[in-house]
Amino acid sequence: MDNKQKKRLYWQVPFLLLLVAGTVWVIKNQRDTPYHTNEGLIFGTNYKITYQYADDLKEEIEAQMLMVDSALSMFNEQSTISHVNRNEDYQPNPMFTEVITKALAISEETNGAFDITVAPLVNAWGFGFKSGDMPTQAAVDSIRQFIGFKKIELKDGHIKKTDPRIMLDCSAIAKGYGCDVVAAYLEKKGIINYMVMIGGEVVTKGINPTRLPWRIGVTKPTDDTLGIEQETQTVLNVTDKAMATSGNYRNFYYKGGKKYAHTIDPATGRPVQHSLLSATVLAKDCATADAYATSFMVMGMERAKQLLEKHKELMVYFIYTDKKGELAVWFSPSLQDKIEE
């Protein structure tokens, strides 16, 4: 070994030792940093957020969710969407604009299966924030005259309607978007291990408190309006992914011996009637997963599979009833490695 090589080695050894020491310090520091879990109510549902950080961030996290509420909640009379639905003037809201833009794009992709103008029909069938008697076909046809995503336009943060009776309802995308907003906040704080769950929508990253990947159960779709019988159909590894589930097994009613579920097909104005019971979607962001999960419940199995041919980036887990009336599943081939049990 010549002198030049010796000098290079003398410089490399301290650097490597420093690198090893730094790595050990980072790992130890990460192990010593506690996990916090915040729980509560938002958007008319439960939330649970677990993250690894030195401080408890519950107040800051709730502030993020309240900003989403002020943009998209139909139950908040001062929200942006409430002003829109009352045809009032309002200050453009960046969150509202972002969600409406995404919603309209997905509506176009799904040929209207996803439609944020469907609220009057949802209300008419007794599943929205207003309820009443089951509508007649004439009433449904009348409402359909002012339903349709192509009847609104977003321009400079303001909604233009072709009919003042048009109402917007972002409930099929807002919870997912709320998860994305909270996740983005945690990212800004440098947090690398977290799970954000609002209702049935989830975003995860890194590892859980047991230092394992995040695993989320998919509920077996059994008729259960109270949400008591939550038997798990399967468990998915959703680390570094967003996941949303839509189903007709909780919000429904029977009338005249017939079951009416809350998913309304904008094309017919009526609750959907097909074999698909539950649609779970994994995507890069939760707003997208949320909207497509609803879209697939409207479309049914065959149309959903056709759309998935165009969107290979989406992974799905469908639960449906087969020809014998038994529960069956179909999932994207790319989801195979994420199924834990």
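Residues numbered from 1 in each chain as written. Predicted model: local features only at pLDDT ≥ 70, side-chain atom pairs only at ≥ 80, totals over all residues. Heavy atoms only, no water.

**Re the nonpolar core**
For step 1, the next point in the chain: Core analysis: the largest hydrophobic core is formed by 61 residues, its most contacted members being Leu72, Phe96, Leu168, Phe296 and Phe318.
For step 2, the next point in the chain: Dropping the residues within four chain positions of it, phenylalanine 96 is found in contact with Ala71, Leu72, Thr80, Ile81, Val84, Tyr90, Gly157, Ile159 and Leu168. (Core = buried A, V, L, I, M, F, W, Y, C linked by side-chain atoms within 4.5 Å. Buried < 20%, exposed > 50% of the residue type's maximum accessible area, 1.4 Å probe, protein only. Contact = heavy atoms within 4.5 Å.)

**Examining the packing of helix H2 (residues 58-72) against helix H4 (residues 94-109)**
For step 1, the next point in the chain: Relative orientation of the contacting elements H2 and H4 amounts to 70 degrees, with a least axis distance of 8 Å. In terms of orientation, H2 and H4 fall into the roughly perpendicular class. Note on packing geometry: the crossing formed by H2 with H4 is right-handed. When H2 is examined against H4, the residues Met67, Val68, Ala71 and Leu72 are found in contact with a partner set consisting of Met95, Phe96 and Val99.
For step 2, the next point in the chain: Looking at side-chain class alone, the contact of H2 with H4 contains seven nonpolar, no polar and no charged residues. (Axes fitted to C-alpha atoms, helices over the stretch in contact; angles between N-to-C directions. Helix = DSSP H or I, 4+ residues; strand = E, 2+ residues; numbered from the N terminus. Parallel < 35°, antiparallel > 145°, perpendicular 65-115°, else oblique. Left-handed = near helix turned anticlockwise from the far one by under 90°. Nonpolar A, V, L, I, M, F, W, Y, C, P; charged D, E, K, R; others polar.)

**Details of the sheet that holds strand E2 (residues 45-52)**
For step 1, the next point in the chain: Overall, antiparallel pairing links the eight strands, which are arranged E1-E2-E5-E6-E9-E14-E15-E16 in an open sheet. Both edges of this open sheet fall to strand E1 (35-42) and strand E16 (327-331), since each of them pairs with a single strand only. With strand direction ignored, the average angle separating the axes of adjacent strands in the sheet is 10 degrees.
For step 2, the next point in the chain: As defined by bridge partners, strand E15 (residues 315-321) adjoins E16 across five bridges and the pair is classed as antiparallel. The residue bridging tyrosine 317 from the neighbouring strand is phenylalanine 331, located in E16.
For step 3, the next point in the chain: Most of the contacts of helix H7 (residues 171-188) go to strand E5 (residues 194-198), to which it runs at about 155 degrees, and overall it touches E2, E5 and strand E6 (201-205).
For step 4, the next point in the chain: Of the strands in this sheet, E6, strand E9 (242-247), strand E14 (276-283) and E15 touch helix H8 (residues 286-299), which is tilted by about 155 degrees from E14. (Pairing = 2+ DSSP bridges.)

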